[in-house]
Amino acid sequence: MHLRMPLPRHNQTEFIQIDIRSCIACGQCVAACSRNVLGLLSILRHRHVHVDHPDRCKGCYKCIKACEQRAIQSRQLKEAV
Ligand code: SF4
Ligand code: SF4
């Protein structure tokens, strides 16, 4: 029997959180991240940015500045409010 395991959450790191509903998969944040934390997912209708290596994120927030859709937020600011 083949069991389907639930997918882990791949929309956040220690520092940032991505609202994939707002993401248009333009790739600007992927290009802005020098640590290769982010990648693009494209499976059927699922086209959005994806956190590939959350442990590499150092919280520089270049991805937030690169996103014109405002799909990426700082988790630190959110938790401080
Ligand atoms: S820059 Fe914003 S809209 Fe573009 S891929 Fe990244 S999160 Fe999605
Ligand atoms: S905060 Fe910096 S290191 Fe983390 S995903 Fe964004 S650009 Fe990459």
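Please refer to the structure higher up on the page.
Read on for a plain summary of the structure. Quantities reported herein were computed from a predicted structural model and do not represent experimental measurements. (Residues numbered from 1 in each chain as written. Chains lettered and ligands numbered in written order. Predicted model: local features only at pLDDT ≥ 70, side-chain atom pairs only at ≥ 80, totals over all residues.)

**A short note on the environment of Cys67**
Considering the arrangement of structural elements, one finds Cys67 in the loop between helix H2 (62-66) and strand S4 (72-74). If near-sequence neighbours (up to four positions away) are discounted, Cys67 is found in contact with Gln28, Cys29 and Ile72. (Helix = DSSP H or I, 4+ residues; strand = E, 2+ residues; numbered from the N terminus. Contact = placed C-beta atoms within 7 Å.)

**So, the site of ligand 2**
Not every one of the 15 residues close to ligand 2 is listed here, only the nearest: Cys33, Val37, Cys57, Cys60 and Cys63. Here the shell around ligand 2 is built from residues that sort into 10 nonpolar, two polar and three charged. (Near = placed C-beta within 6 Å. Nonpolar A, V, L, I, M, F, W, Y, C, P; charged D, E, K, R; others polar.)

**Details of the site of ligand 1**
In the neighbourhood of ligand 1, 14 residues make up the surrounding shell, with Cys23, Cys26, Gln28, Cys29 and Cys67 lying closest. Looking at the shell around ligand 1 residue by residue, the classes come out as 11 nonpolar, three polar and no charged.

All quantities given are derived from atomic positions and should not be read as evidence of function.
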